[in-house]
Amino acid sequence: MQKPREAGSTLAIFLLFLRLGLTSFGGPVAHLGFFYDEFVKRRQWVTEQAYAEVVALCQMLPGPASSQVGLTVGYLRGGYPGAAAAWVGFTLPSALIMALFASGMVLWPEAGSGGWVTGLKLFVVAVVAQAVWQMGTKLCPDRPRRTIAVLVAAALLVAGSVWIQALALVVAGITGAWLGLPSDKAGGALDIPVRTRKPMVFFSLFLGLLLLTFLPWGAGAHTAIAAELYRAGALVFGGGHVVLPWLEESFVASGAIPADTFLAGYGVAQAMPGPLFSFSAFLGGVEQGWSGAAVGVAAVFLPGALLVFAGLPLWQYVRNHAGARSALAGVNAGVVGLLLSALYDPVWTSGVVSPASVGFVLLVWAALSLWQVPVWLLAFLSGLVGFWLF
């Protein structure tokens, strides 16, 4: 069994991922395409088959899938230092931009109530609607999975606390395993040798930190920000869009951040290159400045990284275990329901208040889904038009 290749310096890995972090617009699916072109076709760091398995594994884990794929590629290329360099390079640009935006909102709070914020909120409605449509088409191709999604959405609209969200996904997974939902079997030879007990150490650290987040922490303190964002990163399946309802429950429903500010930051995050989870820098920055932004980013990405290193050795089992794949199919259907409930509350209820706003959403959605206008450009135009109209 071979060890992760040490070819290429850590600095070279960092600079390459920094370039990707500055230029990778379009969300997780686009990021995976950029990674494929860069690491499979151009540089041949990993084989096409191994890359497909890395993607499949990371989509099975909670957390930001594209960031986890980048982390894994960095690990395969340069060990743990390579993984750290890949994550920092890919995340740094968007995190800095979101922290700067948070600083601007703190220094100029009146900006959070202008027409441009209304435009961004309506833009978010269209973006989340498009995400529900795309994820539903892919993850709910049959009647049982569509039923699971609808039931999860209904349950969360009736009682949408964080506990209910987590319970709904657990029940969806159990249901998927019980029904034996069909799931594609991954094949290939992603060889991750493990000669130590490090995977168990990583999982124990992940679980221990998760349990600590349920202890009472002081409101507004850095520890409270870390607890809320770590919990979100540890329990969210489905990537950046799905983190929205979890964070809304933690930061808006609790009264820590106004809904308008929250949705404005989320809208700006859509226009940034790199991972959508960098929205955490905005949330931490609004509450505690630059130190809060740093804590927020570290906390939301840490559980996904720990699970990658814990989960890589288990991939051989999951790849060949039909029950595990069926449970994941159920969880994925539940994720669609989770996002569907978020589309109504808080996204729709906070932004759509008039026939004109409905028309605005329809136009943005058409530009996004029918005309394939880039998301970053739509975010800018939505803010600009919103400032003029509202």
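Because the structure is a prediction, the values reported are computed rather than measured.

Calculation rules
Residues numbered from 1 in each chain as written. Predicted model: local features only at pLDDT ≥ 70, side-chain atom pairs only at ≥ 80, totals over all residues. Heavy atoms only, no water. Helix = DSSP H or I, 4+ residues; strand = E, 2+ residues; numbered from the N terminus. Buried < 20%, exposed > 50% of the residue type's maximum accessible area, 1.4 Å probe, protein only. Contact = heavy atoms within 4.5 Å. Areas by Shrake-Rupley, 256 points an atom, 1.4 Å probe, with all protein chains shown as cover. Axes fitted to C-alpha atoms, helices over the stretch in contact; angles between N-to-C directions. Parallel < 35°, antiparallel > 145°, perpendicular 65-115°, else oblique. Left-handed = near helix turned anticlockwise from the far one by under 90°. Nonpolar A, V, L, I, M, F, W, Y, C, P; charged D, E, K, R; others polar. Expected span 1.5 Å × (residues − 1). Phe/Tyr/Trp six-rings, centres within 6.5 Å; stacked < 30°, edge-to-face > 60°. Lys NZ or Arg CZ within 6 Å of the ring centre and 35° of its normal. Salt bridge = Lys/Arg side-chain N within 4 Å of Asp/Glu carboxyl O. Patch = residues over 30% accessible without salt bridge, like charges linked within 9 Å, V, L, I, M, F, W, Y side chains within 5 Å.

Visitor: Sorry if this is basic, but what is going on with the overall build of the protein here?
Guide: Secondary structure summary: the protein contains 16 helices and zero strands in total. Counting every position in the protein, which comprises 390 residues, the buried fraction comes to 53%. Taking all contacts inside the protein whose residues are at least 6 apart in sequence as the whole, residues at least 24 apart take part in 77%. Carbon and sulfur atoms make up 69% of the accessible area of the protein, which amounts to about 17,100 Å² in all.

Visitor: What should I look at first to understand the packing of helix α4 (residues 65-107) against helix α12 (residues 279-311) in this one?
Guide: Angle between the axes and distance between the axes are the two parameters that describe a pair of packed helices. For the pair α4 and α12, interaxial distance at closest approach is 9 Å and the crossing angle is 160°. Judged by the angle between their axes, α4 and α12 are roughly antiparallel. Seen from above, α4 lies across α12 with right-handed handedness. The residue inventory of the contact of α4 with α12, partitioned by class, reads 25 nonpolar, seven polar and no charged.

Visitor: Before we go on, may I ask you to explain helix α15 (residues 355-369) in this structure?
Guide: Under the 1.5 Å per step criterion, the end-to-end length of α15 is 21 Å for 15 residues, consistent within 8% with the ideal 21 Å. Those residues of α15 that fall on the buried side of the exposure criterion are Ser357, Phe360, Val361, Val364, Ala366, Ala367, Leu368 and Ser369. On the buried face of α15, the contacting elements are α5 (115-139), α14 (322-351) and α16 (375-389).

Visitor: How should I be thinking about the environment of Ala65 in this particular structure?
Guide: Along the chain, Ala65 falls in helix α4. Overall, the relative accessible area of 16% leaves Ala65 in the buried class. Through-space distance from the C-alpha of Ala65 to that of Val55 is 7.5 Å; in sequence the pair is 10 residues apart.

Visitor: Can you help me understand the packing of aromatic side chains in this one?
Guide: Describing an aromatic ring pair means giving the distance of the ring centres and the angle of the ring planes. Counted under the stated rule, the structure contains 19 aromatic pairs. Measuring from ring centre to ring centre gives 5.2 Å for Phe262 and Phe279, while their planes differ by 70°; the resulting arrangement is edge-to-face. You can see Phe262 sitting in helix α11 (residues 259-270) and its partner Phe279 sitting in helix α12, a full 17 residues away along the chain. With a relative accessible area of 1%, Phe262 lands in the buried category. Taken together, the ring pairs connect Phe17, Phe35, Phe39, Trp45 and Phe90 into an aromatic cluster. One cation-aromatic arrangement involves Arg231 over Phe214; the distance from NZ or CZ to the ring centre is 5.0 Å.

Visitor: I tried to follow unusual backbone geometry on my own but got confused; where do I start?
Guide: A negative phi holds for most residues other than glycine; trans holds for most peptide bonds. Even without glycine at this site, Gln44 takes up a positive phi of about 55°. Following the sequence through the fold, Gln44 ends up in the loop between α2 (28-42) and α3 (48-60). Here Gln44 falls in the exposed class, since its relative accessible area comes to 61%.

Visitor: Looking at this structure, I do not really get the pattern of salt bridges. What am I missing?
Guide: A side chain of one charge can pair with a side chain of the opposite charge when the charged atoms of the two come close. In total, this model carries five salt bridges according to the counting rule given. Between Glu38 and Arg43 there is a salt bridge whose closest N-O contact spans 2.6 Å. Its relative accessible area of 35% is what places Arg43 among the partly exposed residues. Arg231 is the salt-bridge partner of Glu228, the closest N and O atoms lying 2.8 Å from each other. Within this pair, Glu228 and its partner Arg231 are both found in helix α9 (residues 222-235), separated by three residues, close to a single helical turn.

Visitor: Could you clarify how one ought to interpret the packing of α11 against α12 in this entry?
Guide: Where α11 contacts α12, the two axes come as close as 9 Å, and the packing angle between them is 145°. Along this stretch, α11 crosses α12, giving a crossing that reads as right-handed. For the pair α11 and α12, contact is made by Thr261, Phe262, Gly265, Tyr266 and Ala269 and by Phe279, Phe282, Leu283 and Val286, respectively. Among the residues forming the contact of α11 with α12, the class breakdown is seven nonpolar, two polar and no charged.

Visitor: Could you clarify how one ought to interpret a nonpolar patch on the surface in this entry?
Guide: Residues Phe380, Leu381, Leu384, Val385, Trp388, Leu389 and Phe390 make up a contiguous nonpolar surface patch of roughly 740 Å² in combined accessible area. Within the secondary structure, Leu389 sits in helix α16. Take Leu389: its relative accessible area is 47%, and that puts it in the partly exposed class.

Visitor: Explain the side chain of Gln68 here, please?
Guide: The topology assignment puts Gln68 in helix α4. Residue classification places Gln68 among the buried positions, given a relative accessible area of 2%. In this structure Gln68 touches Cys58, Leu61, Pro62, Gly63, Gly304 and Val308, once residues within four positions along its chain are discounted.

All quantities given are derived from atomic positions and should not be read as evidence of function.
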